[in-house]
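Observations on the model geometry
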Amino acid sequence: MTSKTPIRVAVTGAAGNIGYALLFRIASGDMLGKDQPVILQMLEIPTEGAQKALKGVAMELDDCAFPLLADMVLTDDPKVAFKDANWSLLVGSKPRGPGMERADLLKDNGKIFIAQGRAIDEVAADDARIAVVGNPCNTNVMIAASQAKRLTADRFTAMVRLDENRGRAQLAKKAGVSINEVSDLYIYGNHSPTMFADFTHAKIGGKPAAQVIGDETWLKNDYLPAVGKRGAAIIEARGQSSAASAANALIDHIRDLVTPGKVHSVAINSEGRYGFAEGLWAGMPVKTTTPGAYEVVTTYEMDDFAKSKIALTNDELVGERDTVKDMLG
Ligand code: NAX
């Protein structure tokens, strides 16, 4: 057995749909490596139902007898969940209720991320890193990061990897090639239908995707909206939102963030790159440098079409920030 020190992974919304598809893969070593023990620190809301469901999930984790699962913490207290956590995966948030406006959702969920951002900053490990999945994830991560006094903004990321994976899969399908042939497809902007899946730099079998597909109208008018609205299409088909593919994308997001040399889409503090407003969290390609750290790939030149798409998703992010401006610490 391995002698490595266990890594503490906090997961919020641990008894939810994504949680159920995620925890077992973390415990089996898919995320941090097959020789890396983990301690799962699972947070759920303090209702009897959620805490009971969380116990059930922990019972199943026990029943898997995972050699890498060194310990589990089950709690309704953020300060317990995030204590000494090396990774905090913020999955839990409130779903949009019937008749609820997007602005209300932003504000309701914003409160969760104020509290969790503060708690993480107070009690998490010195090397703490955070990945936000709960929607609207770009704005939620900005709120959490704004509460931090100790941890720098680069530690806070949000997930656009599901969009990248969806975009790659759909290009492969259209071209009739294996997914392994599709490269250099990165997601810019918001995790919402306004996102820009940059097919203009994507490659299929090493050649420009646009050349291989040979149908720019399809790329602009069918492909982009199909990737952007894939989440809604899954809900329509399944009656529930993406869970296994979202968990899988989060595994990819973290695994690639701890693997030097990997280039992948991550929503990070834009610092004005690629035409995004300063201080927004926007998807863009990053290259992992050392485990957990990354630099932005800034070499892609955008044409007028790409710039117009980035402007659109930037506007949406600016609008979200305006809605929650009172929540930014
Ligand atoms: P579920 O409703 O199944 O589970 C969410 C869980 O979070 C629930 O068990 C709930 O009790 C818990 N929770 C709520 N507030 C909490 C809090 N303050 N602290 C701890 N736990 C809390 O939703 P699920 O399908 O798991 O989706 C979770 C989130 O992921 C949603 O916000 C969803 O919109 C978002 N998604 C984000 C994606 C992305 O690519 N960024 C894709 C998938 C998904 O739609």
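Residues numbered from 1 in each chain as written. Predicted model: local features only at pLDDT ≥ 70, side-chain atom pairs only at ≥ 80, totals over all residues. Heavy atoms only, no water.

1. With respect to the sheet that holds strand β7 (residues 182–183)
What holds strands together in a sheet is hydrogen bonding between their backbones, with the strands either parallel or antiparallel. Worth spelling out the cut-off: Paired strands, in this sense, are two strands between which DSSP finds at least two bridges. Runs of E in the DSSP output that reach at least two residues are strands. Runs of H or I that reach at least four are helices, and both are numbered from the N terminus.
Across the sheet, three strands lie side by side as β7-β10-β11; this open sheet has antiparallel pairing. The strands lining the two open edges of the sheet, one partner per strand, are β7 and β11 (207–208). As paired elements, β7 and strand β10 (residues 203–204) share two bridges and run antiparallel to each other. The residue bridging S183 from the neighbouring strand is K203, located in β10.

2. Remarks on the site of the ligand
Condition: Definition of nearness: a residue and a molecule or strand are near each other if at least one heavy atom of the residue lies within 4 Å of the molecule or strand. Counted as a polar contact is a pair of N or O atoms within 3.5 Å, where, for protein atoms, one must be capable of donating a hydrogen and the other of accepting one, and residues adjacent in sequence contribute only when both atoms are in side chains. Shrake-Rupley sampling with a 1.4 Å probe provides the accessible areas, and residues are treated as covered by the protein chains on show and by no other component.
In the region of the ligand, 23 residues are neighbours, and N17, I18, E44, S93 and N135 sit closest. At 2.6 Å from an oxygen atom of the ligand is found a side-chain nitrogen or oxygen belonging to S93. One of the backbone N or O atoms of M159 is found 3.4 Å from a nitrogen atom in the ligand. Summarising the interface, the protein chains cover 82% of the accessible area of the ligand, which totals 870 Å² for the free molecule.

3. Description of the pairing of strand β3 (residues 69–75)
On a regular strand, each side chain points to the face opposite its neighbour's, so the side chains alternate between the two faces of the sheet. Heads up, the condition is: Call a crossover right-handed when, viewed with both strands pointing away from you, the route from the first strand across the helix to the second goes clockwise.
Two strands pair when backbone bridges link them, and strand β2 (residues 38–43) and β3 are joined in this way by six bridges, in the parallel orientation. Paired with I39 across the two strands is D71, which belongs to β3. For the crossover from β2 across helix α2 (residues 48–64) to β3, the handedness is right-handed.

4. Points about the nonpolar core
Rules: Buried Ala, Val, Leu, Ile, Met, Phe, Trp, Tyr and Cys residues that are joined via side-chain atoms within 4.5 Å together make up what is termed a nonpolar core. Burial status follows relative accessibility: with a 1.4 Å probe on protein chains alone, a residue under 20% of its type maximum counts as buried, one over 50% as exposed, and anything between as partly exposed. Domains are outlined according to an automatic or database domain assignment. Whether two residues are in contact is decided by their heavy atoms: any pair within 4.5 Å suffices.
Counting 104 residues, the largest nonpolar core has L61, L89 and L171 as the members making the most contacts within it. Per-element tally for this core: the top contributor is helix α10 (residues 244–257), with seven residues. Built from parts of two domains, this core gets at least three residues from each of domain 1 (7–158) and domain 2 (161–327). Those residues in contact with L171 that sit more than four places away from it in its chain are V182, L185, A202, I204, A209, I213, W218, L219 and Y223.

5. A word on the side chain of R161
The residue R161 is located in helix α6 (residues 161–175) in this model. Polar contacts involving the side chain of R161 include one to the side chain of D256, which spans 2.8 Å. What R161 contacts, discounting residues up to four positions off in sequence, is A249, D252, H253, R255, D256, H264 and S265.

6. Quick look at the pattern of salt bridges
Which entries qualify depends on this criterion: For this analysis, a salt bridge means a side-chain nitrogen from Lys or Arg found within 4 Å of a carboxyl oxygen belonging to Asp or Glu.
According to the stated counting rule, one finds 16 salt bridges in the structure shown. A salt bridge links R161 to D252, with the shortest nitrogen-to-oxygen separation between them at 4.0 Å. Here the residue R161 occupies a position in helix α6, and D252 occupies one in helix α10, the gap between them amounting to 91 residues. Pair check on accessibility: R161 and D252 agree, each one buried. Between D256 and R161 there is a salt bridge whose closest N-O contact spans 2.8 Å. Taken as a pair, D256 in helix α10 and R161 in helix α6 lie far apart in primary sequence, 95 residues in all.

Without other data, these values stay purely geometric and don't point to any function.
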